[in-house]
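Residues per chain are reported as follows:
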Amino acid sequence: QVQLVESGGGLVQPGGSLRLSCAASGSIFNDNAMGWYRQVPGKQRQLVASISNGGRTNYADSVLGRFTISRDNAKNTVYLQMNGLNPEDTAVYYCNRAPAVVAVPSWGQGTQVTVSS
């Protein structure tokens, strides 16, 4: 079964931290680069971080130095550690294969991150 399940979002004050998790079915995860995307209402989903099967990472300029993506291949899980959050990071966060052109069409439900005082 093709499945992506994101968790770990919530409400956090500016400057705070959150750690997101994404459990993926093996057919999605194995041997593929994975990424975290985010979407705000009225805008396209944006790739913010990606990690290759071997652990090479890439980040959008907007999150570079604040977010860290990692993966546990034994658990088919990808993580996003988010530090120094600001209100512009408020979005629904999703995981999927990366880049978007190879993403599976059945996205998970996402996890809401809200940064507000």
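The structure we're discussing is the one just above.
Here the structure is a predicted model, which means the values were calculated and not measured.

Q: Can you walk me through the pairing of strand β4 (residues 34-39) in this structure?
A: For a regular strand, the rule is simple: side chains alternate between the two faces of the sheet. For β4, a buried count of 5 out of 6 residues is recorded, marking the element as mostly surrounded by other parts of the structure. Bridge analysis of β4 against strand β5 (residues 46-51) gives 5 bridges, and the strand direction is antiparallel. When the sheet's bridge partners are listed, tryptophan 36 is paired in β5 with alanine 49. A loop of 6 residues connects β4 with β5, the two strands running antiparallel in sequence, and glycine 42 in this loop sits at a positive phi of about 85°.

Q: Any chance you could explain the sheet that holds strand β7 (residues 67-72) here in plain terms?
A: What links the strands of a sheet is backbone hydrogen bonding, and the strands pair in either a parallel or an antiparallel sense. Read across the open sheet, the 4 strands follow the order β1-β3-β8-β7; overall the sheet is antiparallel. The open sheet has two edge strands, β1 (4-7) and β7, and neither has a second partner. When strand polarity is set aside, the average angle formed by the axes of neighbouring strands in this sheet is 15°. Two strands pair when backbone bridges link them, and β1 and strand β3 (residues 18-24) are joined in this way by 4 bridges, in the antiparallel orientation. Bridge pairing in β3 places leucine 4 opposite alanine 24.

Q: Honestly, the state of the cysteines in this entry has me stumped. Any pointers?
A: Where two cysteines share a covalent bond between their sulfur atoms, that bond is called a disulfide. Using the criterion set out here, one finds 1 disulfide in the structure. The disulfide bridge from cysteine 22 ends at cysteine 95, spanning 1.6 Å between sulfur atoms. Taken together, the residues cysteine 22 in strand β3 and cysteine 95 in strand β9 (residues 91-97) connect sequence positions 73 residues apart.

Q: Can you help me understand the packing of aromatic side chains in this one?
A: Here a ring pair, both rings aromatic, is described through the centre-centre distance and the interplanar angle of the planes. Within the structure shown, the criterion is met by 2 aromatic pairs. Geometrically, the ring pair formed by tyrosine 37 and tryptophan 107 is edge-to-face, given 5.0 Å between the ring centres and 85° between the ring planes. Of this pair, tyrosine 37 sits in strand β4 while tryptophan 107 sits in the loop between β9 and β10 (111-115); the two residues are 70 residues apart in sequence, bridging distant segments of the chain. According to the relative accessible area criterion, tyrosine 37 is buried, its value standing at 2%. Ring plane angle 85° and centroid distance 6.0 Å describe the contact between tyrosine 94 and tryptophan 107, whose orientation is recorded as edge-to-face. Here the residue tyrosine 94 occupies a position in strand β9, and tryptophan 107 occupies one in the loop between β9 and β10, the gap between them amounting to 13 residues. What makes tyrosine 94 buried here is its relative accessible area of 11%.

Q: Explain the nonpolar core here, please?
A: In globular proteins that are soluble, nonpolar side chains generally tend to be buried together. Formed by 27 residues in total, the largest nonpolar core has its most connected members in Leu4, Met34, Trp36, Val78, Leu80, Met82 and Tyr93. Those elements that provide at least two residues to this core are β3, α1 (26-29), β4, β5, β7, β8 (77-82), β9 and β10. Ranked by residues supplied to this core, first place goes to β3 with 4 residues. Setting aside residues no more than four positions away along its own chain, valine 78 makes contact with Leu20, Ser21, Cys22, Phe29, Met34, Trp36, Ile51, Ile69, Ser70, Arg71 and Cys95.

Reading the values: rules and limits
Residues numbered from 1 in each chain as written. Predicted model: local features only at pLDDT ≥ 70, side-chain atom pairs only at ≥ 80, totals over all residues. Heavy atoms only, no water. Buried < 20%, exposed > 50% of the residue type's maximum accessible area, 1.4 Å probe, protein only. Helix = DSSP H or I, 4+ residues; strand = E, 2+ residues; numbered from the N terminus. Pairing = 2+ DSSP bridges. Axes fitted to C-alpha atoms, helices over the stretch in contact; angles between N-to-C directions. Disulfide = S-S within 2.5 Å. Phe/Tyr/Trp six-rings, centres within 6.5 Å; stacked < 30°, edge-to-face > 60°. Core = buried A, V, L, I, M, F, W, Y, C linked by side-chain atoms within 4.5 Å. Contact = heavy atoms within 4.5 Å.

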